[in-house]
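Understanding the architecture of this molecule
In case you want the letters, here they are:
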Amino acid sequence: MLVLGAFVLGCDAPDPSPLVDVTGPLVVPDGWSASRLDHDPFVSHRPAAVTCPDAGWGVEGTSVEVSTGDCNYLSVEQPLLLDVPEGTRIVVNLWHQVLHAERPATGHAALVVGDDLLWEREVAIPGPGAVHGDVVIAPRDLRASERVVFHLHNHGVNTWNLGDVFADGMEASQP
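So, here is what we can say about the structure in this document. (Residues numbered from 1 in each chain as written. Predicted model: local features only at pLDDT ≥ 70, side-chain atom pairs only at ≥ 80, totals over all residues. Heavy atoms only, no water.)

Here's the deal with the layout of surface pockets
Note the threshold: Each cavity reported here is a set of points on a 1 Å grid over the protein atoms alone in which a 1.4 Å probe fits but cannot get out, each pocket an open set with protein on both sides within 12 Å along at least five of seven lines, and each lining residue one with an atom within 4 Å of a point. Grid points are joined across faces, edges and corners, and a volume is the space filled by probe spheres set on the points. In this count, Pro and Cys sit with the nonpolar residues alongside Ala, Val, Leu, Ile, Met, Phe, Trp and Tyr, while Asp, Glu, Lys and Arg are called charged and the others, Gly among them, polar.
Size it by volume and the largest pocket reaches roughly 150 Å³. Around the largest pocket sit His 100, Ala 101, Glu 102, Arg 103, Pro 104, Ala 105, His 155, Gly 156 and Val 157, which together line it. Residue composition of the lining of the largest pocket, by class: 4 nonpolar, 3 polar and 2 charged.

Below, the structure is given as structure tokens:
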């Protein structure tokens, strides 16, 4: 009976680390490092020949900048900085200069946390420069130190920047 009581009490124990509303950056511009091939969730998007020297991407102010004239495919990763509860609004800021290509194409940018696609944007090329401030909802509890992958590829010589990615501290159901 004592064992059964301990089991029942153990089942009712609160989560030792409940997630709370959070506000703050989820990644930092200088935290990205090249993804290993076995960690790249977009390996099926890779061109036959990947060319992406260190000079093709890097920190530019408060963003990570990718010059697709030098880097035809990017997959970089870093650990998530904060715990984020399911349902939290996450803001992703991406911008690009005027997009050039010899033939119409599509640029693709995405963020993956763990094994889950958190955000993605496809942009028609050629096209005007633009700033994309997207809001997505955390699909599950995201834990600090989970792997975040930033992926970008396009056709043509273009410049893209991933700026702030942050939790805004509000649950999606709040105004």
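Notes on the environment of Val 59
Heads up, the rule is: Helix numbering and strand numbering both begin at the N terminus, where a helix is a DSSP run of H or I of at least 4 residues and a strand a DSSP run of E of at least 2. A simple rule labels every residue: compare its accessible area, found with a 1.4 Å probe on the protein chains alone, to the largest value its type can have, and call it buried under 20%, exposed over 50%, or partly exposed in between. Every residue pair with non-hydrogen atoms within 4.5 Å of one another is taken to be in contact.
Examined against the element boundaries, Val 59 turns out to sit in strand 3 (residues 57–60). The exposure class of Val 59 is partly exposed, given its relative accessible area of 47%. Counting along the chain gives 31 residues from Val 59 to Val 28, while the straight-line C-alpha distance between them is 9.5 Å. For Val 59, the contacting residues outside a window of four places in its chain are Pro 29, Asp 30 and Val 64.

Here we look at the state of the cysteines
Our working definition: Cysteine sulfur atoms that pair up within 2.5 Å are treated as a disulfide.
Enumeration according to the criterion identifies 1 disulfide in this entry. For Cys 52, the disulfide goes to Cys 71, at an S-S distance of 1.9 Å. Its S-S torsion of approximately -90° makes the covalent link between Cys 52 and Cys 71 left-handed. One end of the pair, Cys 52, is in the loop between strand 2 (33–34) and strand 3; the other, Cys 71, is in the loop between strand 4 (63–67) and strand 5 (73–79), with 19 residues separating them in the sequence. The class for Cys 52 is partly exposed, based on a relative accessible area of 24%.

Looking at the sheet that holds strand 2
Strand pairing in a sheet takes place through backbone hydrogen bonds and is either antiparallel or parallel in direction. The cut-off we apply is this: Two strands are counted as paired when DSSP detects at least two bridges linking them.
Overall, antiparallel pairing links the 5 strands, which are arranged 2-5-10-7-8 in an open sheet. Bordering the open sheet on either side are strand 2 and strand 8 (116–125), each of which pairs with just one other strand. Sheet topology note: the strand 5/strand 10 (residues 147–153) ladder contains 7 bridges and is antiparallel. Paired with Leu 74 across the bridge in strand 10 is Leu 152.

Description of the side chain of His 151
The cut-off we apply is this: Nitrogen and oxygen atoms within 3.5 Å of one another constitute a polar contact, given that in protein one can donate a hydrogen and the other can accept it, and given that sequence-neighbouring residues count only through two side-chain atoms.
Residue placement: His 151 occurs in strand 10. Under the relative-accessibility criterion, His 151 is labelled buried at 0%. Polar side-chain contacts of His 151 include one of 2.9 Å to the side chain of His 153.

Thoughts on the packing of aromatic side chains
Short version of the rule: In this analysis, rings of Phe, Tyr and Trp, with Trp reduced to its six-membered ring, are considered paired at centre separations within 6.5 Å, and the interplanar angle assigns stacked below 30 degrees, edge-to-face beyond 60, and tilted for intermediate values.
This model, assessed by the stated rule, comprises 1 aromatic pair. Considering the side-chain rings of Trp 32 and Phe 150, the 6.0 Å spacing of their centres and the 50° angle between planes classify their relative orientation as tilted. Within this pair, whereas Trp 32 is found in the loop between strand 1 (23–25) and strand 2, its partner Phe 150 is found in strand 10, the two being separated by 118 residues in sequence. The burial state of Trp 32 is the same as that of Phe 150; both residues are buried.

Some details on the pattern of salt bridges
Keep this limit in mind: The rule for a salt bridge is simple: a side-chain nitrogen of Lys or Arg has to be within 4 Å of a carboxyl oxygen of Asp or Glu.
A full pass over the atoms with the stated rule returns 6 salt bridges. Through salt bridges with shared partners, one network takes in Asp 116, Arg 140 and Glu 146.

Remarks on the pairing of strand 4
Relative to strand 4, strand 3 runs antiparallel, the two sharing 4 bridges. Paired with Trp 57 across the bridge in strand 4 is Val 66. Linking two consecutive strands that pair antiparallel, namely strand 3 and strand 4, is a turn of 2 residues; a positive phi of about 65° is found at Gly 61 within it.

Side note on the environment of Gln 97
Note that Gln 97 resides in the loop between strand 6 (88–96) and strand 7 (105–113). When its relative accessible area of 46% is taken as the criterion, Gln 97 is described as partly exposed. As a C-alpha pair, Gln 97 and Gly 129 span 32 residues in sequence and 4.2 Å in three-dimensional space. Once you skip the residues sitting within four places of it in the chain, Gln 97 turns out to touch Pro 128, Gly 129 and Thr 159.

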